[in-house]
Amino acid sequence: MPRKAPHSTPQPNPRKIKEVAQILDGNKVRDQILDECRPRIQRVIDRSGRPPGLAVVLVGADPASQVYVRNKTKTAESLGIYGETITPDASITTDALLQLVRALNLRPEIDGILVQLPLPAHIDSRQILNAVAPEKDVDGFHPVNAGLLSIGAPGLRPCTPSGVIEILKRHQIPMAGRNAVVVGRSNIVGKPMAMLLLEENATVTICHSRTADLPAVCRTADILVAAIGRPAAITADHIQPGAVVIDVGINAVTDRAKAETLGPTKLAAFDKRGTVLVGDVHPVDMAELASAHTPVPGGVGPLTIALLMRNTIEAAERRVGLRS
Ligand code: NDP
């Protein structure tokens, strides 16, 4: 995508609408949600004599997945949720992994099952995700839960898009009647994001790699959600001045030439560590044009684990009869 001016030398932006955009603080919202989890965990214990239980299946030894899983189980334990990590070797077969998941489905003290993605290429991921009992599917990826979401019925909702809704609600950003554009149509983020915004009565457009004139469609957005996995691909051309911009992307930039295009703050961070995290939205353009936006890191990212905890508690509440 051609850029009009390099951000390493700040240029006045004629479309800039205000000096300081509101930063939508994901860490604050995460802490609120985790605080709300504690009494609910206690109610599950009072009712059933045991805490909610979460089993995480981590196949192989991918370092990034190991970090994600450690963060999930650490958060669970800090709240008093029972956490168990099962770590089969990367050579496990689809059949053996199916057996493992089915065994977890049958264990009464396990309320939530999460299979960490990506799975090794030889494993049929869809078959594994479909094997998780829908009532224990705390990632919300099972077709039953996707179907419940699409008909607006109660069920376990995917964590990252639910986190986006929490950020918007808890910053009093109205969704009803507003134009929301979601860029990305994955089953994990984009599609459920669109369904959740629809549930909040936004008028929703979904974009993807084949969308014609993506910038023009994005500029119709009062609320723009980017989930494409391409560093800083959404630029000033895509942002209606005053829009609320939610950047779901998390990309590690390891190339200095790319870091130079991201503005002085990201470049300084890059020069310190040799790598810098950036979302799918250009950080300087977003800060200049949006009325409110999520930062990367510290925006949507922290919410995913908090919503996983909440889903685990919700699954436990249903299983012990505290919720229908
Ligand atoms: P996927 O790769 O599964 O999906 C990407 C989507 O973006 C696809 O629908 C694709 O379109 C679309 N897309 C790709 N390039 C373009 C483009 N140039 N223009 C328009 N659309 C495009 O990614 P995920 O949904 O899993 O993740 C998206 C981002 O969110 C990633 O950066 C990921 O790291 C981040 N993420 C963050 C999480 C968090 O906790 N904050 C959790 C999960 C993901 P098509 O379908 O046509 O190919």
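So, how was this worked out
- Residues numbered from 1 in each chain as written.
- Predicted model: local features only at pLDDT ≥ 70, side-chain atom pairs only at ≥ 80, totals over all residues.
- Heavy atoms only, no water.
- Helix = DSSP H or I, 4+ residues; strand = E, 2+ residues; numbered from the N terminus.
- Contact = heavy atoms within 4.5 Å.
- Buried < 20%, exposed > 50% of the residue type's maximum accessible area, 1.4 Å probe, protein only.
- Right-handed = clockwise from strand over helix to strand, strands pointing away.
- Pairing = 2+ DSSP bridges.
- Axes fitted to C-alpha atoms, helices over the stretch in contact; angles between N-to-C directions.
- Parallel < 35°, antiparallel > 145°, perpendicular 65-115°, else oblique.
- Left-handed = near helix turned anticlockwise from the far one by under 90°.
- Nonpolar A, V, L, I, M, F, W, Y, C, P; charged D, E, K, R; others polar.
- 1 Å grid on protein atoms, 1.4 Å probe; cavity = no way out; pocket = protein on both sides within 12 Å on 5 of 7 lines; lining within 4 Å.
- Points joined across faces, edges and corners; volume = space filled by probe spheres on them.
- Near = heavy atom within 4 Å.
- Polar contact = N/O pair within 3.5 Å; in protein donor to acceptor, adjacent residues only side chain to side chain.
- Areas by Shrake-Rupley, 256 points an atom, 1.4 Å probe, with all protein chains shown as cover.

**Topic: the environment of Gly163**
Okay, so step 1: Relative to the helices and strands, Gly163 is located in helix H6 (residues 159-170).
Okay, so step 2: Between the C-alpha atom of Gly163 and that of Gln42, which follows or precedes it by 121 residues, the distance is 23 Å.
Okay, so step 3: Excluding residues that lie within four positions of it along the chain, Gly163 makes contacts with Leu303 and Leu307.

**Side note on the pairing of strand E2 (residues 53-57)**
Okay, so step 1: With respect to burial, E2 is a largely interior element, five of its five residues being buried.
Okay, so step 2: Once the chain exits E2 it traverses helix H2 (residues 63-79) before rejoining the sheet at strand E3 (residues 82-86), and the crossover so formed is right-handed.
Okay, so step 3: Sheet topology note: the E2/strand E4 (residues 112-115) ladder contains four bridges and is parallel. The residue bridging Val56 from the neighbouring strand is Leu114, located in E4.

**A word on the packing of H2 against helix H12 (residues 301-319)**
Okay, so step 1: Contact geometry of H2 with H12 gives a least axis separation of 10 Å together with a crossing angle of 55°. One way to sum up the angle between H2 and H12 is to call them oblique. Crossing geometry of H2 relative to H12 is assigned as right-handed. Each of Asn71, Lys72, Thr75, Ala76 and Leu79 in H2 lies in contact with H12, whose residues at this interface are Ile305, Leu308 and Met309.
Okay, so step 2: Tallied by class, residues from the contact of H2 with H12 come to five nonpolar, two polar and one charged.

**Quick look at the layout of surface pockets**
Okay, so step 1: Quantified by volume, the largest pocket comes out at close to 1,200 Å³.
Okay, so step 2: Along the walls of the largest pocket sit 46 residues, with Tyr68, Thr160, Ile250, Gly301 and Thr304 positioned nearest its centre.

**Focus on empty space enclosed by the protein**
Okay, so step 1: In total, this model carries one cavity of 30 Å³ or more according to the counting rule given.
Okay, so step 2: The volume enclosed by the largest cavity comes to roughly 50 Å³.
Okay, so step 3: What lines the largest cavity is simply Ile113, Leu114, Val115, Leu129, Val132, Asp137, Asp139, Phe141 and His142.
Okay, so step 4: Ranked by residues supplied to the lining of the largest cavity, first place goes to E4 with three residues.
Okay, so step 5: Its residues placed into classes, the lining of the largest cavity shows six nonpolar, one polar and two charged.

**With respect to the site of the ligand**
Okay, so step 1: Taken together, 21 residues are adjacent to the ligand, and Arg185, Ser186, Ser209, Arg230 and Thr304 come closest.
Okay, so step 2: A distance of 2.7 Å separates an oxygen atom of the ligand from a polar side-chain atom of Arg185.
Okay, so step 3: Within the backbone of His208, one N or O atom sits 3.5 Å away from a nitrogen atom of the ligand.
Okay, so step 4: Calculation on the ligand without its partners gives an accessible area of 930 Å², and the protein chains cover 70% of this total.

**Comments concerning the packing of H6 against helix H7 (residues 190-199)**
Okay, so step 1: H7 packs onto H6 with a crossing angle of 40° between their chain directions and a minimal axis gap of 8 Å. In terms of crossing hand, the pair formed by H6 and H7 is right-handed. Where H6 approaches H7, its residues Pro161, Ser162, Val164, Ile165 and Leu168 are matched on the opposing element by Pro192, Met193, Leu196 and Leu197.
Okay, so step 2: Its residues assigned to classes, the contact of H6 with H7 comprises eight nonpolar, one polar and no charged.

**Quick look at the sheet that holds strand E7 (residues 223-226)**
Okay, so step 1: The six strands are arranged E1-E11-E8-E7-E5-E6 in an open sheet whose pairing can be described as parallel. Two strands bound the open sheet, and with one partner strand each, they are strand E1 (22-23) and strand E6 (203-207).

**Quick look at unusual backbone geometry**
Okay, so step 1: The omega torsion of the bond from Leu117 to Pro118 falls at 0°, within 30 degrees of zero and hence cis.
Okay, so step 2: When you line up the elements, Pro118 lands in the loop between E4 and helix H4 (125-131).
Okay, so step 3: In this structure, Pro297 follows Val296 across a cis peptide bond, with omega equal to 0°.
Okay, so step 4: Inspection of the secondary structure puts Pro297 in the loop between strand E11 (292-293) and H12.

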